[in-house]
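If you want the building blocks of each chain, they are given just below.
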Amino acid sequence: EIYAIKYAHNERRSGDNFIGGDPHDVPMPLDYFVWVITNENRTIILDTGFDEAMAKRRGRTYLRNPGEGLQMLGIDPASIEDVVISHMHYDHSGNETLFPNARYHLQDDEMAFCTGRHMCHEAMNRAFSVDDVTAMVRRIFAGRVQFHDGSGERAPGVILHRVGGHTMGLQVTRVLTRRGWVVLASDASHFYANMQQGRPFPIVHDMGDVLEGYKTVNRLAHSPDHIIPGHDPLVMTRYPAARPGHEGIVARLDVAPNPS
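For clarity, every value in this text was computed on a predicted model and none was experimentally measured. (Residues numbered from 1 in each chain as written. Predicted model: local features only at pLDDT ≥ 70, side-chain atom pairs only at ≥ 80, totals over all residues. Heavy atoms only, no water.)

### Focus: the overall build of the protein
Part 1 of the argument: Helix and strand counts for the protein stand at eight helices and 13 strands.
Part 2 of the argument: In summary, the protein has a C-alpha radius of gyration of 17 Å against a globular reference of 18 Å for 260 residues, a match within 12%.
Part 3 of the argument: Taking the principal axes of its C-alpha atoms as reference, the protein extends roughly 50 × 45 × 35 Å.
Part 4 of the argument: Nonlocal contacts in the protein, meaning residues at least 24 apart in sequence, comprise 64% of its contacts between residues at least 6 apart.
Part 5 of the argument: Of the roughly 11,300 Å² of accessible surface on the protein, 49% is carried by carbon and sulfur atoms.
Part 6 of the argument: On the protein, the mean spot of the 26 positive side-chain charges and the mean spot of the 32 negative ones are 1 Å from each other. (Helix = DSSP H or I, 4+ residues; strand = E, 2+ residues; numbered from the N terminus. Rg over C-alpha atoms; globule rule 2.2 N^0.38 Å. Contact = heavy atoms within 4.5 Å. Areas by Shrake-Rupley, 256 points an atom, 1.4 Å probe, with all protein chains shown as cover. Lys, Arg positive; Asp, Glu negative; His and termini not counted. Charge placed at Lys NZ, Arg CZ, Asp CG, Glu CD.)

### Looking at the pairing of strand E10 (residues 171-177)
Remark: a regular strand shows side chains that alternate across the two faces of the sheet.
Part 1 of the argument: Most of E10 is tucked away: six of the seven residues are buried.
Part 2 of the argument: Where strand E9 (residues 158-162) lies against E10, five bridges are found, and the strand directions are antiparallel. Bridge pairing links Val158 to Val175 in E10.
Part 3 of the argument: Pairing between E10 and strand E11 (residues 180-186): five bridges, direction antiparallel. Residue pairing in the sheet places Thr173 in a bridge with Leu184 of E11. (Buried < 20%, exposed > 50% of the residue type's maximum accessible area, 1.4 Å probe, protein only. Pairing = 2+ DSSP bridges.)

### A look at the packing of aromatic side chains
Part 1 of the argument: If you walk through the whole model with that rule in mind, you get eight aromatic pairs.
Part 2 of the argument: When the centroid spacing of 6.4 Å and the interplanar angle of 75° are considered together, the rings of Tyr7 and Tyr62 count as edge-to-face. Of the two residues, Tyr7 is situated in strand E1 (residues 2-10) and Tyr62 in strand E4 (residues 61-62); the sequence distance between them amounts to 55 residues.
Part 3 of the argument: The residue whose ring lies beneath Arg58 is Tyr90, and the NZ or CZ to ring-centre distance is 4.0 Å. (Phe/Tyr/Trp six-rings, centres within 6.5 Å; stacked < 30°, edge-to-face > 60°. Lys NZ or Arg CZ within 6 Å of the ring centre and 35° of its normal.)

### A few points about the environment of Phe113
Part 1 of the argument: You can see Phe113 is positioned in helix H3 (residues 108-115).
Part 2 of the argument: Note: C-alpha distance between Phe113 and Gln171 (58 residues apart in sequence) is 13 Å.
Part 3 of the argument: Aside from chain neighbours lying at most four places away, what touches Phe113 is His118, Met119, Met124, Phe128, Thr167, Met168 and His205.

### As for the nonpolar core
Part 1 of the argument: Core analysis: the biggest nonpolar cluster contains 43 residues, and Phe50 and Phe99 have the highest contact counts within it.
Part 2 of the argument: Secondary-structure elements contributing two or more residues to this core are E1, strand E2 (30-38), helix H1 (52-58), strand E6 (103-107), H3 and helix H5 (130-141). (Core = buried A, V, L, I, M, F, W, Y, C linked by side-chain atoms within 4.5 Å.)

### A closer look at the pattern of salt bridges
A side chain of one charge can pair with a side chain of the opposite charge when the charged atoms of the two come close.
Part 1 of the argument: What the rule picks out here adds up to 11 salt bridges.
Part 2 of the argument: The partner of Asp254 in a salt bridge is Arg252, with the nearest N and O atoms 2.9 Å apart.
Part 3 of the argument: For Asp254, a relative accessible area of 1% gives the class buried.
Part 4 of the argument: Here Arg252 falls in the buried class, since its relative accessible area comes to 17%. (Salt bridge = Lys/Arg side-chain N within 4 Å of Asp/Glu carboxyl O.)

Written out as structure tokens, the structure is:
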């Protein structure tokens with residue numbers, strides 16, 4: 001089973017979401033998610049979101065701590081043993097104390113990226129939080145980080161794939177579900193439209209890797225309907241609520257999307 005938990009929101013225009021802008025210039029907001037991958041044997045969390053203080057600093061609308069969404073599913077954050085970090089941007093790697101007993105899974109290239117020479121440039125480092133990066137360094141020295149180099153199986157039916165592009169070490173997560181292979185693309189494609197139209201989001205480390213990443217994600221997924229973008233509000237309308245009362249908060253992704 002896979003769930004998307006919405007924890008924050010940001011109003012934007014479509015011109016802000018594509019390199020080169022957008023001639024339509026219509027409202028095109030961002031939603032912020034963390035994802036749950038679970039079965040009878042284990043639960044894996046993909047990305048950790050940010051906290052309320054970061055939301056105020058960045059001007060985001062904060063709806064709930066991701067831990068509250070987990071508790072709605074009956075999941076105790078302290079019980080989580082594995083957290084996958086798609087990449088180290090502030091909206092994917094915050095909430096330092098939320099998972100005190102977890103081992104974090106990160107690509108080699110991503111840690112090198114967020115601690116190396118690229119961070120000397122404000123255009124690169126502004127999407128990162130120095131507190132999140134130093135928290136990851138502390139986890140390394142505490143023996144709580146497992147590094148990955150390219151592709152590898154994290155658990156049966158859960159495979160990590162480095163695609164890069166948006167950041168140097170961005171990884172997507174491929175999950176075997178009852179409806180086939182679903183790919184949690186994270187910021188390999190912020191919106192369905194980025195990938196479908198071949199128009200990347202403006203924050204880019206390597207444009208070629210972004211575009212090749214679209215091909216990789218499509219190859220890894222059972223079909224285009226099996227790809228989940230990282231920030232698209234359409235996810236919450238295309239997929240059913242996890243349970244009654246979860247509408248607009250927790251969506252279930254291992255079932256088929258609405259035909260419309």
